[in-house]
Amino acid sequence: MDLISLPPCSRRLELTMATANEQPTALSPASTSAIKISTTFLKTPVKTDQEILQNSMLEDDPNSNTILASIGGPTHDNRANLEKRPRWGPQHKGAQELAKLYSNGKRTQELVCVYICISLMLLNLGLILRHFRLERISNVVVAAIFGILTADFGSGLVHWGADTWGSVDLPIVGKNFLRPFREHHIDPTSITRHDFIETNGDNFMVALPILGKLAWNFFTRTNAEIQQDYAISAYLFLCSIFIAMTNQIHKWSHTYWGLPRWVLFLQRHHIILPRRHHRIHHVAPHETYFCITTGWLNWPLEKIRFWSTLEAIIELSTGHKPRADDLKWAQKRT
């Protein structure tokens, strides 16, 4: 797999340093060589290695993120100030405030969704296998591909919406569903400290309506009708599985130690979201590469400027600035 040094991104990157309100930093050759970005599904790179190192947390060496030297050479006072005001990680004041907003009610919702979703997954799996015919294997393969693509695009759409718009102060939605996105940008490795329930509860909730409708179809339709629509049923089932597992895959993309070999294999061959590929999204101000199931659609969506066009339309129509709330929490460093 080829590795390349990445040329500058689109016009949006010109505002990255000003928006993040950070001074440029120089990094050691060892750090630079450690953060090369894979070219798999990335024919036109969108971030330079220097931008990645300056404006994202070094997740494979998290203790280094607060002591990067300035280009002009670090002074003792500058270094001390940086250590007191971490740009990312669990010591960031904003991250600490957001983590405290995780409530017992939210935990209960996640538990209920996970258990119901797993039950429906097993039920639908049994029904899918019961009605499977060997001659339909090609339909299942096609359904799997389209299911992955749908889940990948859906993950990007939800991720972009939650990252870019809204506020933690919004009733119900803010603290329960937008809060994790804000915390994740200023403490990216917090997801690796979340258990299975907290990691996957919301995605399992999104998959529930699909799995519920699928089970209803199996129990209310004749065998002939089920066979006629089997490809659609396979697509819906596989899409729901990929949707449910998206945040677990996302968690693996932030995990640099202890991953099973089969997960590393899937990441290495870009069957699921690779770690280095996802690092591109975590360059402040987090304005690109939102798809996190496989990441297959990130490059084509960036190539046609899909997200930036949507943002321009919404900003022109409403006057709301993209990622304003995200920036507010990122600046809570003291």
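Worth saying up front: this structure is predicted, and the values here are computed from it rather than measured. Residue positions are counted from 1 within each chain, in the order its sequence is given. Only residues with pLDDT of at least 70 are given local features in this predicted model, and only at 80 or more are side-chain atom pairs given and counted; all residues enter the totals for whole chains, interfaces and linings. Side-chain numbers come from the whole structure's heavy atoms, not from hydrogens or water.

With respect to the UniProt feature "transmembrane region" (unreviewed entry) in the protein
And step 1. According to UniProt, the "transmembrane region" (unreviewed entry) feature falls on residues 108-129, 141-162 and 230-249.
And step 2. Helix and strand assignments follow DSSP, with helices taken as H or I runs no shorter than four residues and strands as E runs no shorter than two, numbered in order from the N terminus. Taken end to end, residues 141-162 is 100% helix and 0% strand, and its first and last C-alpha atoms sit 32 Å apart.
And step 3. Regarding residues 230-249, the helix share stands at 100% and the strand share at 0%, and the terminal C-alpha atoms are separated by 27 Å. UniProt positions are given in the numbering used here, feature names are shortened, and annotations may be inferred rather than shown by experiment.

Focus on the confidence of the model for the protein
And step 1. The predictor rates its confidence in each residue with pLDDT, a number between 0 and 100. Chain-level statistics for the protein give a pLDDT mean of 80 and a share of 73% at 70 or above.
And step 2. Helix H6 (residues 104-130) holds the highest mean pLDDT among the elements of the protein, 97, whereas strand E1 (residues 3-4) holds the lowest, 35.
And step 3. The contact definition used throughout considers only heavy atoms, calling two residues in contact when any of these lie within 4.5 Å. Note that pLDDT drops below 50 for residues 1-44; the model gives that stretch 102 contacts with residues more than four away or on any other chain.
And step 4. Between residues 61-76, whose pLDDT stays under 50, and residues either more than four places distant or in other chains, the model counts 30 contacts.

Digging into helix H15 (residues 306-318)
And step 1. Compared with an ideal rise of 1.5 Å per residue, which puts 13 residues at 18 Å, H15 spans 18 Å between its outermost C-alpha atoms and is within 8% of the ideal.
And step 2. Here's how the labels work: a residue is buried when its accessible area is under 20% of the maximum for its type, exposed when over 50%, partly exposed in between, all with a 1.4 Å probe on protein chains only. Of all the residues in H15, the buried ones are Trp307, Ser308 and Glu311. Viewed along the axis of H15, the buried residues span an arc of 95°, placing them on a single side of the element. For H15, exposure combined with an orientation more than 90 degrees from the buried face picks out Leu316 and Ser317.
And step 3. Lining the buried residues of H15 we find helix H7 (137-164) and helix H14 (298-303).
And step 4. Downstream of H15 by a residue or two, Gly319 has a phi angle that is positive, lying close to 85°. Expected span, for any helix, means 1.5 Å times one less than how many residues it has. This arc is built from the directions going out from the helix axis to the C-beta atoms.

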